[in-house]
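Listed below are the residues making up each chain.
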Amino acid sequence: MNSIVELEEWMLKNNIKNTFTPNHRYLTDIGEGLENLNGLYIWYSIDEKGNRYDDKFFKSEKDAVEFVFEFLVKNGK
């Protein structure tokens, strides 16, 4: 899997809700997300109080997408 578009298609087929917002933030229905800040991809989580934690950083879309895919598969999302 190489792109967010491919990841979105896979998530759709696996009943995981997701959106890609105009401000380059990719959100899931599981409290995690991926944000693109000028080519730096940040994987973050949001706790029950709404606090955001930046957990991982990636220099390429491909690396970010591979991480997210593996995370979702590993955690049975």
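Everything here concerns the structure above.
Residues numbered from 1 in each chain as written. Predicted model: local features only at pLDDT ≥ 70, side-chain atom pairs only at ≥ 80, totals over all residues. Heavy atoms only, no water.

(A) Molecular detail of the overall build of the chain. Regarding its fold elements, the chain presents two helices and five strands. Each of the 77 residues in the chain was classed as buried or not, and the buried ones make up 32%. Considering only contacts in the chain between residues 6 or more positions apart, those separated by 24 or more positions represent 28%. A total of about 5,000 Å² of accessible surface is found on the chain, and carbon and sulfur atoms cover 51% of it. (Helix = DSSP H or I, 4+ residues; strand = E, 2+ residues; numbered from the N terminus. Buried < 20%, exposed > 50% of the residue type's maximum accessible area, 1.4 Å probe, protein only. Contact = heavy atoms within 4.5 Å. Areas by Shrake-Rupley, 256 points an atom, 1.4 Å probe, with all protein chains shown as cover.)

(B) Representation of the side chain of Ser45 in the model. Inspection of the secondary structure puts Ser45 in strand E4 (residues 40-46). The exposure class assigned to Ser45 is buried, which follows from its relative accessible area of 19%. Those residues in contact with Ser45, other than ones at most four positions away along the chain, are Gly31, Glu32, Asn51, Arg52, Tyr53 and Asp55.

(C) Spatial organisation of the nonpolar core. In this structure, Leu7, Leu34, Tyr41, Trp43, Val68 and Leu72 are the most contacted members of the largest nonpolar core, which totals 13 residues. Elements supplying a minimum of two residues to this core: helix H1 (4-13), E4 and helix H2 (61-74). Among the elements that make up this core, the one with the highest residue count is H2 (five residues). Beyond its immediate chain neighbours, meaning those up to four positions away, Tyr41 contacts Ile4, Leu34, Glu35, Asn36, Lys56, Phe57, Phe58, Ser60, Glu61 and Ala64. (Core = buried A, V, L, I, M, F, W, Y, C linked by side-chain atoms within 4.5 Å.)

(D) Local environment of the packing of aromatic side chains. If you walk through the whole model with that rule in mind, you get five aromatic pairs. Their ring planes at 70 degrees and their centres at 5.7 Å tell us that Trp43 and Phe67 sit as a pair that is edge-to-face. With Trp43 in strand E4 and Phe67 in helix H2, the pair connects residues that are 24 residues apart, well separated along the chain. Taking relative accessible area as the criterion, Trp43 reaches 2% and is therefore assigned buried. Looking at Phe67, the relative accessible area reads 21%, which means it is partly exposed. Between the aromatic rings of Phe58 and Phe67, the centroid separation amounts to 5.3 Å while the plane-to-plane angle is 40 degrees, which identifies the pairing as tilted. (Phe/Tyr/Trp six-rings, centres within 6.5 Å; stacked < 30°, edge-to-face > 60°.)

(E) The arrangement of unusual backbone geometry in detail. A positive phi angle, near 50 degrees, is found at Asn38, a position not held by glycine. Note on placement: Asn38 falls in the loop between strand E3 (32-37) and E4.

(F) Molecular detail of a nonpolar patch on the surface. On the surface, Leu37, Leu40 and Phe57 cluster together into a nonpolar patch covering about 270 Å² of accessible area. Its location among the elements puts Phe57 in strand E5 (residues 52-58). (Patch = residues over 30% accessible without salt bridge, like charges linked within 9 Å, V, L, I, M, F, W, Y side chains within 5 Å. Salt bridge = Lys/Arg side-chain N within 4 Å of Asp/Glu carboxyl O.)

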